[in-house]
Amino acid sequence: MKLSDVLHQKSPLVQWLSPGPQGPGRILKAVDRVERFSGGDPLLDALQRVIQAAPLGPARDGLHGRWLGHPVHPLLVQVPVGSWLSAALLDAVPGQRRAADILVATGLLAAAPAAMAGWVDWADCNRPQQRIGFVHAAANAAGIALYATSLSARLRGRHAAGRVLGWAGLTAIGAGGALGGHLAYRQAAGANHAEAVPQLVEPGWHHVADLADLPRDEPVRRTVGEVPVVVVRGQHDAVHVLAEHCSHLGGPLSEGALEDGCLRCPWHGSLFRLTDGWNVQGPATAPQPAFDTRISDGRVEARLRT
């Protein structure tokens, strides 16, 4: 048998778990079932209300990562995960007990702000994302509990138990991280849902609508080429055009409300300035693609602002 054939062979367990020509493996099927499971939705509704009612003020946008331009939660989790992974390696090296203990404690301290940012993001996700996100958080909570117990055992001199508990905690955190990857890459939670607009709009000016057909102070849906946009005709016939789908999760901005020169997304409340698409308020962390406009012979034309 050739070496390449040996390398490409899979054990029966791997074949059972992994996706193949016939479809997804057991792991993906289990995750898909979690996405579709609605039995826990009343609990998710209650938890969402509590998080959204928390008096966080401007800190809410800070936890979303609006100041950073993308979600801050994935950045914050690097500290606890990195600390615990390093501790697991040092636990396997003789004479590194104190260093491993410090790393376990560091990870526990850093887990709090990471979890806060994650929950704030979770409260503004759609329901399938929330279902996965809840299990993601539960796995991480189990990992944190195991690491807290590990640190307690270490401080009481039970180093062998502390190491075992730490490795168990890393396993739970790893499972939670895999679900976090599913959230980010499969479900696109936290991604910029308007990023493709500059690649889809052809250069130059495009007819959007006849000025006489546009109502005043009311967002309406139109297209630039084949790209959906939201158009607002204001006073003195000033016309503003933004990409239609909210950068947060693709909400229809044409169904949103106008507020002091801004447009609020109807889904999760992100607020975008009409003049340039700036995300004045989150949860959106990316601005909305905006268009220059002009009126020629009663026709509104727009081109993507670069």
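Going by the structure above, here's the rest.
Let me sum up the structure you'll find in this document. (Residues numbered from 1 in each chain as written. Predicted model: local features only at pLDDT ≥ 70, side-chain atom pairs only at ≥ 80, totals over all residues. Heavy atoms only, no water.)

## Some thoughts on the sheet that holds strand β7 (residues 271–273)
- Read across the open sheet, the four strands follow the order β5-β6-β7-β8; overall the sheet is antiparallel. Edge strands, defined here as strands with exactly one partner in the open sheet, are β5 (257–259) and β8 (279–281). Between one strand axis and the next, the sheet turns by 35 degrees as a mean value, whatever way the strands run.
- Direction of pairing for β7 relative to β8: antiparallel, over a ladder of two bridges. Within β8, the residue paired with L271 across the bridge is Q281. (Pairing = 2+ DSSP bridges. Helix = DSSP H or I, 4+ residues; strand = E, 2+ residues; numbered from the N terminus. Axes fitted to C-alpha atoms, helices over the stretch in contact; angles between N-to-C directions.)

## So, the packing of aromatic side chains
- Overall, the coordinates contain two aromatic pairs when judged by the stated rule.
- With centroids separated by 5.4 Å and ring planes inclined at 80 degrees, the aromatic side chains of W119 and W122 adopt a geometry described as edge-to-face. Highlighted residues: W119 and W122, both in helix α8 (residues 97–122), separated by three residues, approximately one helical turn.
- When its relative accessible area of 28% is taken as the criterion, W119 is described as partly exposed.
- With relative accessibility at 4%, the residue W122 sits in the buried group. (Phe/Tyr/Trp six-rings, centres within 6.5 Å; stacked < 30°, edge-to-face > 60°. Buried < 20%, exposed > 50% of the residue type's maximum accessible area, 1.4 Å probe, protein only.)

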